[in-house]
Amino acid sequence: MGAATIYQLIAGDTGKAARHGVNAYMSMIGSPVVAMLISLLFAVWSMGIHQHRSMKQIGDALTESIKSIAMLLMIISGGSAFKQVLLDGGVGNAIQHLVSGVNLSPLILGWLIAVVLRIALGSAAVASMTAAGLVTPLMIASHADPAMMVLAIGAGSVAASHVNDAGFWMFQEYFDLTVKQTLAIWTVLETVLSVVGLICVLILNAVVH
């Protein structure tokens, strides 16, 4: 992937030419799936065949590696599916209707919308992008600073990470914690980070404006 990125930076935007010759080859090996496959094959050779290990030993090592991440991958996939169900169910529209009559600072409102979306959807990226779309008309009408709004939404999008967030389960699996311990550590940490971020944004907005 690194080689492909460097090549694209040097060659620039090749357009249709990327389908042929060296451009097509670099695009292929630069794709994440092919890059991971090449890395896997090199690891099997360098740490297996090259070390004179039998195919059974290599297979056992691969099996143990898959066991350690299989549950995590299933949890992430399930969380993504749940997030999509909520999105298709119209969570964004419901939140927009909920806050339409609230009289608050647009920065606080943007933060609150991002927090609610984060709790409902689990994904910080989806929460921030959805919140940005919801508060854009309000931001224009109130002449709020777009940079401050971006920071406020970004702060809100990391709040209250819980069981529908893939990062929650990654933290739990990597540190071998229970769900209760993860809620007490990870969820509280993310929430404190979000609140402190909002306070800093409000202070910065007051100083700048």
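Structure's up top.
A. Region of the structure containing the overall build of the protein. Broken down by element type, the protein carries 10 helices and 0 strands. Listed N to C, the secondary structure of the protein is α-α-α-α-α-α-α-α-α-α in terms of helices and strands. Across the 209 residues that make up the protein, the buried fraction comes to 30%. Restricting the contact set of the protein to residue pairs at least 6 apart, pairs at least 24 apart contribute 62%.

B. Up close: the environment of L73. In this structure, L73 sits in helix α4 (residues 55-88). Accessibility expressed as a relative area gives 49% for L73, which makes it partly exposed. Separated by 96 residues in sequence, L73 and W169 place their C-alpha atoms 9.9 Å apart.

C. The environment of V192, seen in detail. Mapped onto the secondary structure, V192 falls in helix α10 (residues 179-208). Sequence-wise, V192 and A160 are 32 residues apart; in three dimensions their C-alpha atoms are separated by 8.8 Å.

D. Spatial organisation of the nonpolar core. Counting 18 residues, the largest nonpolar core has L107, I113, L117, A131, M149 and I153 as the members making the most contacts within it. Elements that contribute at least two residues to this core include exactly α6 (106-121), α7 (124-142) and α8 (146-156). If sequence neighbours within four positions are ignored, L107 has contacts with M148, M149, A152, L198, V201, L202 and N205. Core analysis: the second largest hydrophobic core is formed by 6 residues, W111, V115, A159 and A160 among them.

E. Up close: the pattern of salt bridges. For the structure on display, the rule yields 3 salt bridges. With a closest N to O distance of 3.2 Å, D165 and R118 form a salt bridge. Of this pair, D165 sits in the loop between α8 and α9 (166-175) while R118 sits in helix α6; the two residues are 47 residues apart in sequence, bridging distant segments of the chain. Ionic pairing is found between R118 and E190, a salt bridge with its closest N-O pair at 3.5 Å. Remark: E190 occurs in helix α10 and R118 occurs in helix α6; sequence separation between them is 72 residues. What you see here is one network of salt bridges that share partners, running through R118, D165 and E190.

F. Summary view of the packing of aromatic side chains. Following the criterion strictly, the structure yields 4 aromatic pairs and no others. A centroid spacing of 5.2 Å and a plane angle of 85 degrees characterise the contact between F168 and W169, whose relative ring orientation is edge-to-face. Comparing F168 with W169, the two get one shared label, buried. Relative to W186, the ring of F171 has its centre 4.9 Å away and its plane inclined at 25 degrees; by these criteria the two rings are stacked. Here F171 is found in helix α9, whereas its partner W186 is found in helix α10, with 15 residues between them in sequence. Taken individually, F171 and W186 each receive the classification buried, so the pair is uniform in this respect. Feature note: the residues F171, F175 and W186 constitute an aromatic cluster, connected by ring pairs.

G. Inspection of the side chain of E190 at higher detail. A relative accessible area of 10% places E190 in the buried class. In terms of polar contacts, E190 uses its side chain to reach the side chain of R118, at 3.5 Å. When neighbours within four sequence positions are excluded, E190 is seen to be in contact with R118, V158, A159, A160 and S161.

H. Looking closely at α9. All of the buried residues along α9 are F168, W169, F171 and Q172. What you see down the axis of α9 is that its buried residues fit within an arc of 155 degrees, all on one side. Two or three places before G167, at the opening of α9, D165 has a side-chain oxygen 3.2 Å from that residue's backbone nitrogen. Backbone geometry just after α9 places D176 at a positive phi near 55 degrees.

Thresholds, definitions, all that
Each chain carries its own residue numbering, running from 1 in the written order of its sequence. Local features in this predicted model are restricted to residues of pLDDT 70 or higher, and side-chain atom pairs are both shown and tallied only at a pLDDT of 80 or more, whereas totals for entire chains, interfaces and linings draw on every residue. In computing side-chain values, all of the structure's heavy atoms are included and hydrogens and water are not. Each helix corresponds to a stretch of at least 4 residues labelled H or I by DSSP, and each strand to a stretch of at least 2 residues labelled E; elements are numbered beginning at the N terminus. Note on exposure labels: buried denotes an accessible area under 20% of the residue type's maximum, exposed denotes more than 50%, and partly exposed covers the range between, all computed with a 1.4 Å probe on protein chains only. Contacts are assigned to residue pairs that have any heavy atoms within 4.5 Å of one another. Here, nonpolar core means buried Ala, Val, Leu, Ile, Met, Phe, Trp, Tyr and Cys residues that are tied together by side-chain atoms lying within 4.5 Å of each other. Any Lys or Arg side-chain nitrogen located within 4 Å of an Asp or Glu carboxyl oxygen qualifies as a salt bridge. Between rings of Phe, Tyr and Trp, where Trp is taken as its six-membered ring, a pair exists when centres lie within 6.5 Å; planes separated by under 30 degrees are stacked, by over 60 edge-to-face, and by other angles tilted. Here a polar contact is recorded for every N or O atom pair within 3.5 Å, except that within protein the pair must consist of a potential hydrogen donor and a potential acceptor, and residues adjacent in sequence are included only if both atoms are side-chain atoms. The arc in question is formed by the directions pointing from the helix axis toward the C-beta atoms.

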